[in-house]
Amino acid sequence: MRPSRWPTLVALVVLAGLVGWLVADQAYGDLATLPAAAPFTALVIAVFEAGLARVVWRKVRGIGAGRPMHPLQVARAAALAKASSATGALLLGFYGGYFLWVVRRTEIRAAAHDAWVSGWSAVACLGLLAAALLLEKACRTPSRRDEMQP
């Protein structure tokens with residue numbers, strides 16, 4: 001499995017942002033308001049993955065007490081990180097595009113709520129993307145230079 005590449009993630013953010021903006025532009029009146037729990041869900045997953053990244057980083061490098069991680073556990077964590085980075089990029093773009101459309105619509109009553117939810121969801125998805133990339137990096141086998149450092 002190859003590591004996530006920045007150009008791919010940026011392309012996902014831009015394309016999903018365009019879709020989010022177009023969905024809001026074409027169908028905003030027919031859509032339900034965004035659920036207020038949306039940013040919290042992404043934030044919980046981001047915190048979990050950041051914590052997992054710390055554990056994996058220490059276990060892969062043999063830091064601290066306890067048994068090292070089984071290689072299959074590290075591979076599963078890497079697969080989770082890869083999927084989460086793509087998902088985080090897509091959701092960041094979608095919520096960002098939605099936010100850019102709805103934040104300027106002051107004449108619509110529900111727009112203030114949707115702007116708040118989509119804005120904070122985009123921030124939480126940025127955190128998810130960062131945590132996923134951190135977990136992905138933690139899953140890599142340390143190089144000789146990394147092993148020599150204290």
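Residues numbered from 1 in each chain as written. Predicted model: local features only at pLDDT ≥ 70, side-chain atom pairs only at ≥ 80, totals over all residues. Heavy atoms only, no water.

Q: Requested: an account of the packing of aromatic side chains, with residues and values cited.
A: This structure, assessed with the given rule, holds 4 aromatic pairs. A ring pair is formed by Tyr-28 and Trp-101, whose centres lie 5.1 Å apart and whose planes are at 45°; its orientation type is tilted. Of this pair, Tyr-28 sits in the loop between helix H1 (6-27) and helix H2 (38-60) while Trp-101 sits in helix H3 (residues 71-102); the two residues are 73 residues apart in sequence, bridging distant segments of the chain. Each member of the pair, Tyr-28 as well as Trp-101, is classed as buried. Look at Phe-94 and Tyr-95: their rings are 6.2 Å apart centre to centre, the planes differ by 75°, and that puts the pair in the edge-to-face class. These aromatic residues form a ring-pair network of at least three members: Tyr-28, Phe-94, Tyr-95, Tyr-98 and Trp-101. The residue whose ring lies beneath Arg-61 is Trp-57, and the NZ or CZ to ring-centre distance is 3.6 Å. (Phe/Tyr/Trp six-rings, centres within 6.5 Å; stacked < 30°, edge-to-face > 60°. Helix = DSSP H or I, 4+ residues; strand = E, 2+ residues; numbered from the N terminus. Buried < 20%, exposed > 50% of the residue type's maximum accessible area, 1.4 Å probe, protein only. Lys NZ or Arg CZ within 6 Å of the ring centre and 35° of its normal.)

Q: Describe the environment of Ala-53, listing the residues and the values that go with them.
A: By the secondary structure assignment, Ala-53 is in helix H2. Separated by 84 residues in the primary sequence, Ala-53 and Lys-137 place their C-alpha atoms 8.2 Å from one another. Not counting residues up to four positions away in its chain, the partners in contact with Ala-53 are Leu-134, Leu-135 and Ala-138. (Contact = heavy atoms within 4.5 Å.)

Q: Break down H1 for me, citing the residues and quoting the values.
A: When the terminal C-alpha atoms of H1 are compared, their 31 Å separation across 22 residues agrees well with the 32 Å that a helix rising 1.5 Å per residue should span. Taken together, the buried positions of H1 are occupied by Leu-9, Ala-16, Gly-17, Gly-20 and Ala-24. Down the axis of H1, the sector holding all buried residues measures 115°, keeping them to one side. What points out from H1, more than 90 degrees from its buried face, is the exposed set Pro-7, Val-14, Leu-15 and Gln-26. Elements that come into contact with the buried residues of H1 comprise H3 and helix H4 (111-138). (Expected span 1.5 Å × (residues − 1). Arc of directions from axis to C-beta.)

Q: Give a description of the packing of H3 against H4 that names residues and reports values.
A: Viewed as axis vectors pointing N to C, H3 and H4 meet at an angle of 155°, and their least axial separation amounts to 7 Å. Compared by their axis directions, H3 and H4 come out roughly antiparallel. Note that H3 runs across H4; the crossing there is left-handed. In terms of residue class, the contact of H3 with H4 is built from 20 nonpolar, 7 polar and 3 charged. (Axes fitted to C-alpha atoms, helices over the stretch in contact; angles between N-to-C directions. Parallel < 35°, antiparallel > 145°, perpendicular 65-115°, else oblique. Left-handed = near helix turned anticlockwise from the far one by under 90°. Nonpolar A, V, L, I, M, F, W, Y, C, P; charged D, E, K, R; others polar.)

Q: Go over the environment of Ala-131 with me, naming the residues and quoting the values.
A: Take Ala-131: it is sitting in helix H4. Judged by relative accessible area, which is 6%, Ala-131 ranks as buried. A C-alpha to C-alpha distance of 16 Å links Ala-131 and Val-10, two positions 121 residues apart in sequence. Once you skip the residues sitting within four places of it in the chain, Ala-131 turns out to touch Ala-46, Glu-49 and Ala-50.

Q: Outline the nonpolar core, supporting the account with residue identities and numerical values.
A: Ranked by size, the top nonpolar core spans 20 residues in total, and within it Tyr-28, Tyr-95, Tyr-98, Val-102 and Leu-129 carry the most contacts. Going through the elements one at a time, H1, H2, H3 and H4 are the ones with two or more residues in this core. When residues of this core are assigned to their parent elements, the largest contribution, 8 residues, is made by H4. When residues no more than four places from it in sequence are discounted, the contact partners of Tyr-28 are Val-23, Tyr-98, Trp-101, Val-102, Ile-108, Ala-110, Ala-111 and Asp-114. Grouped together as the second largest cluster of nonpolar side chains are 9 residues, Ala-53, Val-56, Ala-81 and Leu-135 included. (Core = buried A, V, L, I, M, F, W, Y, C linked by side-chain atoms within 4.5 Å.)

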